[in-house]
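Residues per chain are reported as follows:
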Amino acid sequence: MTGATTKSFDTPDEQRSPPNTVVDVVHLGTHAVARFAFAPGWRWSTDVAPTAGTDSCQARHVGSVQSGALHVTHDDGSQIDVTVGDAYVIEPGHDAWVVGEQPAVLVEFDSAATYARSPTAGIDVRDISEND
């Protein structure tokens with residue numbers, strides 16, 4: 001690839017929609033970038049674990065929070081909150097959930113290519129993000 005490339009999340013290359021989640025993915029050459037929109041009440045251990053078949057999320061996440069907030073607990077007992085304006089790395093072995101009544105919208109890089117590849121239920125990201 002030469003030069004610069006841009007794509008809009010408003011017209012993603014892929015859209016995945018596991019329970020209480022919309023994942024918009026754009027492909028930029030060999031890279032994938034995803035916008036995650038988690039509805040209020042979303043929790044990994046409730047909404048994703050039954051499909052993943054693991055007790056905790058085994059994905060590595062690198063990204064930033066655009067709106068809302070998540071609380072993350074690691075298998076080792078450590079905990080963090082990620083909120084608007086934060087950049088983060090979340091290593092495998094964690095649970096996470098939306099904090100408060102506002103959707104959590106995040107942009108991610110490492111997990112974008114594979115997270116929620118098989119949609120099971122859908123909501124439109126524009127529906128849960130309108131109040132941001």
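Rules behind the numbers
Residues numbered from 1 in each chain as written. Predicted model: local features only at pLDDT ≥ 70, side-chain atom pairs only at ≥ 80, totals over all residues. Heavy atoms only, no water. Pairing = 2+ DSSP bridges. Helix = DSSP H or I, 4+ residues; strand = E, 2+ residues; numbered from the N terminus. Axes fitted to C-alpha atoms, helices over the stretch in contact; angles between N-to-C directions. Buried < 20%, exposed > 50% of the residue type's maximum accessible area, 1.4 Å probe, protein only. Polar contact = N/O pair within 3.5 Å; in protein donor to acceptor, adjacent residues only side chain to side chain. Contact = heavy atoms within 4.5 Å. Core = buried A, V, L, I, M, F, W, Y, C linked by side-chain atoms within 4.5 Å. Salt bridge = Lys/Arg side-chain N within 4 Å of Asp/Glu carboxyl O.

To continue, consider the sheet that holds strand β5 (residues 69-74). Taken in spatial order, the 3 strands line up as β6-β5-β8 in an open sheet, and their pairing is antiparallel. The two strands at the open ends of the sheet, each matched to only one other strand, are β6 (79-83) and β8 (94-98). Adjacent strand axes in the sheet meet at a mean angle of 20 degrees when their direction is disregarded.

Relative to the assigned elements, Asp95 resides in strand β8. Residue Asp95 is classed as buried on the basis of its relative accessible area of 10%. At 3.0 Å, the side chain of Asp95 and the side chain of Arg43 are in polar contact.

Our next topic: the pairing of strand β9 (residues 104-108). Within β9, 5 of the 5 residues are buried, which leaves it mostly tucked inside the rest of the structure. The alternating pattern of β9 places Ala104, Leu106 and Glu108 on one face and Val105 and Val107 on the opposite face, and all of these are buried. Of the pairings in the sheet, the one linking strand β3 (residues 31-38) to β9 comprises 5 bridges and is antiparallel in character. Within β9, the position partnered with Phe38 by the bridge is Ala104. Sheet analysis places strand β4 (residues 61-67) next to β9, joined by 4 bridges and oriented antiparallel.

Mapping Ser56 onto the fold places it in the loop between α2 (49-52) and β4. A sequence separation of 11 residues divides Ser56 from Ser45, and the C-alpha atoms of the two residues are 6.8 Å apart. Once residues lying within four places of it in the same chain are set aside, the contact partners of Ser56 are Trp44, Asp75, Gly93 and His94. Here Asp75 takes part through its side chain, which lies 2.9 Å from a polar atom of the side chain of Ser56.

Attention now goes to the nonpolar core. Residues Phe36, Phe38, Trp42, Trp44, Leu70, Leu106 and Tyr115 are the most contacted members of the largest nonpolar core, which totals 23 residues. Listing elements by their share of this core, those giving two or more residues are β2 (21-28), β3, β5, β7 (87-90), β8 and β9. With 4 residues, β3 is the largest single contributor of residues to this core. Every residue in contact with Phe36, bar those within four places of it in the chain, is listed here: Val22, Val23, Ala104, Val105, Leu106, Glu108, Ser111 and Tyr115.

Time to look at the pattern of salt bridges. Any two side chains of opposite charge can pair, given that their charged atoms come close. Using the criterion set out here, one finds 5 salt bridges in the structure. Its salt-bridge partner being Lys7, residue Asp13 comes within 3.0 Å of it at the nearest N-O pair. The partly exposed category is assigned to Asp13, whose relative accessible area is 38%. Residue classification places Lys7 among the partly exposed residues on the basis of a relative accessible area of 39%. With its nearest N and O atoms 2.9 Å apart, the salt bridge here joins Arg35 to Asp24. Residue Arg35 is found in strand β3, and its partner Asp24 is found in strand β2; the two are separated by 11 residues along the sequence. The same class applies to Arg35 as to Asp24, namely buried.

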